[in-house]
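Okay, here's what each chain looks like letter by letter:
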Amino acid sequence: MQFLQDLSLDELQQIIVELGEAKYRARQVYDHIYLGKTIDEMSNIPQALRDKLHEQFWDEPITIHTVVESADGTKKFLYKLHDDNLIEGVLMRYKYGYTLCVSCQVGCAMGCKFCASTLNGLIRNLSAGEILGQVLTVNRYLHGTSRDRAITNVVMMGSGEPLANYDNVVKFLRLVTSPDGINVSPRNISVSTCGIVENIDKLAQEGLPITLTISLHAPNDKIRRQLMPIANKYTVHQVVDSAKRYVKVTGRRVVFEYALTHGVNDTAECAEQLASLLRGFQCHINLIPLNEVRERNLKTVTHKSAVDFCKKLSSLGLSATVRRTMGEDIEGACGQLRNKVIKGINE
Ligand code: SAH
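Conventions we followed
- Residues numbered from 1 in each chain as written.
- Predicted model: local features only at pLDDT ≥ 70, side-chain atom pairs only at ≥ 80, totals over all residues.
- Heavy atoms only, no water.
- Helix = DSSP H or I, 4+ residues; strand = E, 2+ residues; numbered from the N terminus.
- Buried < 20%, exposed > 50% of the residue type's maximum accessible area, 1.4 Å probe, protein only.
- Contact = heavy atoms within 4.5 Å.
- Areas by Shrake-Rupley, 256 points an atom, 1.4 Å probe, with all protein chains shown as cover.
- Lys, Arg positive; Asp, Glu negative; His and termini not counted.
- Charge placed at Lys NZ, Arg CZ, Asp CG, Glu CD.
- Near = heavy atom within 4 Å.
- Polar contact = N/O pair within 3.5 Å; in protein donor to acceptor, adjacent residues only side chain to side chain.
- Nonpolar A, V, L, I, M, F, W, Y, C, P; charged D, E, K, R; others polar.
- Axes fitted to C-alpha atoms, helices over the stretch in contact; angles between N-to-C directions.
- Left-handed = near helix turned anticlockwise from the far one by under 90°.
- Pairing = 2+ DSSP bridges.
- Core = buried A, V, L, I, M, F, W, Y, C linked by side-chain atoms within 4.5 Å.
- Domains from an automatic or database assignment.
- Salt bridge = Lys/Arg side-chain N within 4 Å of Asp/Glu carboxyl O.

Caption draft 1: Structural view of the overall build of the protein. The secondary structure content of the protein amounts to eleven helices and 14 strands. For the protein, the spread of C-alpha atoms along the three principal axes comes to 70 × 50 × 35 Å. Looking at the protein as a whole, 56% of its 347 residues qualify as buried. Partitioning the contacts of the protein with sequence separation of at least 6, the portion at a separation of at least 24 is 66%. Surface exposure of the protein reaches about 15100 Å², of which carbon and sulfur atoms provide 49%. Here the protein holds 41 positive side-chain charges and 38 negative ones, and the gap between their average locations is 6 Å.

Here it is as structure tokens:
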């Protein structure tokens, strides 16, 4: 069975007409969906139609299970899915509005050595409506509507690998940017990938002016393979070449993520290799001091050495910044809160 949130307005209209109802009912139902409402809350929809919708669809992809607030105002959400799986999201407040970090899979198959989301492997993909449900539920939680959005920006940096759940992620991107719904500007959306080359090329052809973020984390194959199993499939050069093709096709700048890990990828030599890899390419490097994960033995860097690494990149002609870490006191890194709660449940 599908979620109502999986549907575009056109798809819903077709279904409503097939159910023998007037077409305008689809618009009414759609407006409720985008306010984060359930079928039973659709007060201007006749009970007979609500019953028919109940027979064909689930209406509540996500419910908020726990909210934890950080000292810096960042909120971490733990959501419960229809099948009782748990996923998480992070809400960050900026001057211009709220950015919501969404998940696209329960768990993750990619196995990155620093990441908590992948510790128990992949459980399942999320549908487009389950990804959208995160945005609609938190927008409602913040008293936002479609016209007066509380959430202005979306980053796909929660658990899961977006380009390993390609069709659902692209459908989500079309739904969340559609003027029929919550109408988030594609320019305010970032999709982060560990670098699945074929799907970077595919995404470039979708006509979606989002920002592509690639988790590079190393300047060469030797170090990247220590951190990311996907590096055994694609070389650093293949990943960077696909990023260059992406920029050529879309005209959008690409961002590289680089989690600074003490003694692994933070040396002056790494900065120099990174500079020769990326010099002259229209990109930005986001340096993130590693968020240490209890189950992993990788160590983070001091703020000073992150700044020094950044200065070195800048002096070598690259555009780089150190990302402000937010929500560290609330298990901010991907998958950390979920793991803690699951452990607590199992103990
Ligand atoms: N699968 C996607 C999204 C992952 S999460 C990807 O690989 O890009 C978003 C970003 O957080 C990625 O760059 C990921 O590598 C990074 N990340 C995951 N765990 C981290 C940690 N413990 N510390 C710092 N960055 C981390």
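Picking up where we left off.
Caption draft 2: Layout of the site of the ligand. Glu161, Ser192, Ser215, His217 and Asn291 are the nearest of the 19 residues found near the ligand. Interatomic distance of 2.9 Å between a side-chain N/O atom of Glu161 and a nitrogen atom of the ligand. Within the backbone of Cys194, an N or O atom sits 3.3 Å from an oxygen atom of the ligand. Relative to its free-state accessible area of 530 Å², the ligand is covered by the protein chains to the extent of 94%. Within the residue set of the shell around the ligand, elements represented by two or more residues are strand 10 (189–193) and strand 12 (254–260). A breakdown of the residues in the shell around the ligand according to their chemical character gives ten nonpolar, seven polar and two charged.

Caption draft 3: The packing of helix 9 (residues 268–278) against helix 10 (residues 303–315), seen in detail. Taken N-terminus to C-terminus, the directions of helix 9 and helix 10 make an angle of 35°; their axes are 9 Å apart at the nearest point. The chirality of how helix 9 crosses helix 10 is right-handed. Where helix 9 abuts helix 10, its residues Ala268, Cys270, Ala271, Glu272 and Leu274 lie against Phe309, Lys312 and Leu313. A breakdown of the residues in the contact of helix 9 with helix 10 according to their chemical character gives six nonpolar, no polar and two charged.

Caption draft 4: Region of interest: the environment of Gln134. Checked against the element boundaries, Gln134 lands in helix 4 (residues 128–141). A relative accessible area of 0% places Gln134 in the buried class. Distance in space between the C-alpha atoms of Gln134 and Gly89 is 7.8 Å, their sequence separation being 45 residues. Among all residues touching Gln134, those that are not within four sequence positions of it are Ile62, Tyr79, Ile87, Glu88, Leu100, Val102, Ser103 and Leu126. One polar contact links the side chain of Gln134 to the main-chain carbonyl oxygen of Ser103, over a distance of 2.9 Å.

Caption draft 5: Quick look at the sheet that holds strand 12. Ordered in space as 3-4-5-6-9-10-11-12-13-14, the ten strands form an open sheet in which the pairing is mixed. Here the strands that pair on one side only, and so sit at the sheet edges, are strand 3 (62–69) and strand 14 (320–322). Each strand of the sheet is rotated relative to its neighbour by a mean of 25°, with strand direction disregarded. This element, helix 4, spans strand 3, strand 4 (75–81), strand 5 (86–94), strand 6 (97–101) and strand 9 (151–156) of the sheet and lies at about 55° to strand 3. Lying on the sheet, helix 10 is in contact with strand 12, strand 13 (283–289) and strand 14; it crosses strand 14 at an angle near 170°.

Caption draft 6: Region of the structure containing the nonpolar core. In terms of nonpolar packing, the biggest core is built from 106 residues, with Phe172, Phe256, Leu278 and Ile285 touching the most fellow members. Examining the composition of this core, we find that seven residues originate from one element, helix 5 (residues 166–177), more than from any other. When we break this core down by domain, the ones giving at least three residues each are domain 1 (2–58) and domain 2 (62–342). Beyond its immediate stretch of four places on either side in the chain, Ile285 contacts Phe256, Tyr258, Leu274, Leu278, Leu313, Leu318, Ser319, Ala320 and Thr321. In terms of nonpolar packing, the next biggest core, distinct from the first, is built from five residues, Val90, Met92, Cys101 and Met157 among them.

Caption draft 7: Region of interest: the pattern of salt bridges. Per the stated rule, a full pass over the model turns up 13 salt bridges. Two residues, Lys76 and Glu88, come together in a salt bridge whose shortest N-O distance is 2.6 Å. Highlighted residues: Lys76 in strand 4 and Glu88 in strand 5, separated in sequence by twelve residues. Each of the two residues, Lys76 as well as Glu88, counts as buried. A single salt-bridge network, built from bridges that share partners, covers Asp83, Arg124 and Glu130.

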